[in-house]
Structures are given as structure tokens and as C-alpha cells.
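Observations on the three-dimensional arrangement
If you want the building blocks of each chain, they are given just below.
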Amino acid sequence: TSTFTVMANSGRPIWRRLLKWSVVSLALILVVLSAVLTALLKPYYQQAQQYDLEIIENQPKLPYDSLPQHLIHAVVAAEDSRFFEHQGVDTRGVARAALANWRAKTKVQGGSTITQQLAKQSFGINQRTIKRKLVEMFVARRIEKRFDKQAILTSYLSLIYYGNGFNGIRTAAQGYYQKDVSELTVDEAATLVGLLKAPSLYEPFDHPARAKKARNLVLRRMADEKMLSREEALQYQEAPLRPVREERI
């Protein structure tokens, strides 16, 4: 017993020294990695500071209160389900999209938030490279610090392209349904949101089957996010598209 006690007592200081050494080493590694990462990202951070956010502030946009709640639900569910929680960049969303794309061996999901999309559309950050994506992320963080969520969402909806020459949700509502944004039904709002990923592929005049498929995906996402019940989503999925092509002389 005395021999075991001596060994245990002599071993404790070694164990503690090893633990302390491991913690210190890990801390040093993290400090070095942080310094390296900061140095690598600094050029993209500095480039992001050069964009004038007054451009976004001066863009024509609808009042947030004029947007029907189901339109807000549709765009958030389909494009950025954590929009009201993140601060411009959704790391969980990026990881989820990367995993989904890896499993599918092709791009099936995007990790860009609504704020990142606004940055890209406002400043033409369109090149699909890691460098441009980093700049986009830094611009998105600046936008989130400057504007509240309501302003970001209305700017996004008022700027984005909906196909057929319709820029902005007001023009799209008039162009596809001959009505004001406030009058859009749930399925109509979902149809317009369904256009956002690829307007030329999903516009309802010439590609009704694709448009309906995209609309129904938005409705399903709304149900997934508890913004609609499953029964309501199924009911709206069965509705006809009903776009109204304007007669032009």
C-alpha cells in the first residue's frame, strides 16, 4: 500500500505538468493560427470597407409594413431560415450547404444569406471565387451593423430580379399578377419567391410546370419552418399558378 501511495503521489505532479504543457501549447497554436488567419483575411476585409453603403440606403424600397407576412415568411423560409438570428453570415448554413453538396456531389444548396445576396446584388460581387465570397461576407457584416433586419429584407426584395424584366417585388407583383404587393396571396407570394434562384428557368409564363415545382418547394419549406401547417401547404400546392400576362400594344 505504501509503495502504491508513493507512486501515486509522485505521478500527480507529472500529470499536472503534462496537462499544463498541453493547455499552453494549444493556446499558443490557436494564437498563431488566429494571427495567420487575420493576416490572410485582412486584404478582403479592407476591400469590403471600400463599398459605399449609401447605395443601399438610397435604393427605392417598399415600407416593411406594406409587405404581407406570408411573403416575408416565404422568402425567409426559402432563402435564409436563420435570417433574423445571424449577423450577416450563417456559419451553420454554410456547413449545412457544404455537407449537402458533398453528399449530392453537386451544388444543391447555397450557403449565402439574404444579407450576402443583397451585398452581391448591390455591388456586383458576382465572380464565383473564394476571394469574392470572402469580400461578400465582410460586406454583409457591414450591412448588418448599419441597417436593421427590416431594412435589409425590404432592400433585398425591392432589388432582386424576378425574370421577364421585372426588378423588385412591386414590379413583379404587377407584372405577373396585375396587383399590388399587399394583395398577393400565399401561393402567389411563394411563386415569386420560387423565381429567385433562377428567374429564367422558373418564370410562370413560359415554364409553368417548373414554376409550380419551385413554388411548391417554397411552400414545403414554409411548412418545415412552422410558418404554415402541412395541411395548408398541401392546399396551396394544389392551387393553379394564375399569372396574368399583360396585354401590350
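Structure's up top.
All figures in this text were calculated on a predicted structure; none of them were measured in a lab.

1. Looking at the overall build of the protein chain
A count of helical and extended segments in the protein chain gives 12 helices and zero strands. The secondary structure elements of the protein chain, listed N-terminal to C-terminal, are α-α-α-α-α-α-α-α-α-α-α-α. The proportion of buried residues among the 249 residues of the protein chain is 40%. Residue pairs at least 24 apart in sequence account for 66% of intrachain contacts in the protein chain once pairs closer than 6 positions are excluded. Total accessible area on the protein chain is roughly 15,200 Å²; 57% of this is exposed by carbon and sulfur atoms.

2. Regarding the nonpolar core
Grouped together as the largest cluster of nonpolar side chains are 53 residues, with contacts concentrated most on Val75, Val139, Ile143, Leu157, Tyr162, Tyr176 and Leu192. When contributions to this core are tallied by element, the ones reaching two or more residues are helix H1 (2-48), helix H3 (69-79), helix H5 (114-123), helix H6 (130-146), helix H7 (149-159), helix H8 (169-177), helix H9 (186-194) and helix H11 (208-224). In terms of residues, this core owes the most to one element, H3, which gives seven residues. Discounting chain neighbours no more than four positions away, the residues touching Leu157 are Leu67, Leu71, Val75, Tyr162, Gly168 and Ile169.

3. A closer look at H7
The element H7 is largely enclosed, with a buried count of eight among its 11 residues. Taken as a whole, H7 has its buried residues at Lys149, Ile152, Leu153, Thr154, Ser155, Tyr156, Leu157 and Ser158. Lining the buried residues of H7 we find helix H2 (54-57), H3, H5, H6 and H8. The N-terminus of H7 is capped by Asp148, whose side-chain oxygen sits 3.2 Å from the backbone nitrogen of Gln150.

4. Overview of H9
Of all nine residues in H9, nine are buried; the element is thus mostly enclosed. Residues of H9 that are buried sit in contact with H3, H8, helix H10 (199-202), H11 and helix H12 (230-237).

5. A word on the side chain of Glu144
Secondary-structure assignment places Glu144 in helix H6. Taking the relative accessible area as the measure of exposure, Glu144 reaches 14% and is therefore buried. Side chain to side chain, Glu144 and Lys149 meet in a polar contact 3.0 Å long. Other than its neighbours up to four places away in sequence, Glu144 contacts His86, Gln87, Gly88, Thr115, Lys149 and Ile152.

6. Here's the deal with the pattern of salt bridges
The tally for this structure, following the rule as stated, stands at 13 salt bridges. Between Arg146 and Glu54 there is a salt bridge, with its nearest N and O atoms 2.7 Å apart. Highlighted residues: Arg146 in helix H6 and Glu54 in helix H2, separated in sequence by 92 residues. Glu79 is the salt-bridge partner of Lys197, the closest N and O atoms lying 3.5 Å from each other.

7. Looking at the environment of Leu196
Relative to the helices and strands, Leu196 is located in the loop between H9 and H10. A C-alpha to C-alpha distance of 9.5 Å links Leu196 and Ala78, two positions 118 residues apart in sequence.

What counts, and at which threshold
Residues numbered from 1 in each chain as written. Predicted model: local features only at pLDDT ≥ 70, side-chain atom pairs only at ≥ 80, totals over all residues. Heavy atoms only, no water. Helix = DSSP H or I, 4+ residues; strand = E, 2+ residues; numbered from the N terminus. Buried < 20%, exposed > 50% of the residue type's maximum accessible area, 1.4 Å probe, protein only. Contact = heavy atoms within 4.5 Å. Areas by Shrake-Rupley, 256 points an atom, 1.4 Å probe, with all protein chains shown as cover. Core = buried A, V, L, I, M, F, W, Y, C linked by side-chain atoms within 4.5 Å. Polar contact = N/O pair within 3.5 Å; in protein donor to acceptor, adjacent residues only side chain to side chain. Salt bridge = Lys/Arg side-chain N within 4 Å of Asp/Glu carboxyl O.

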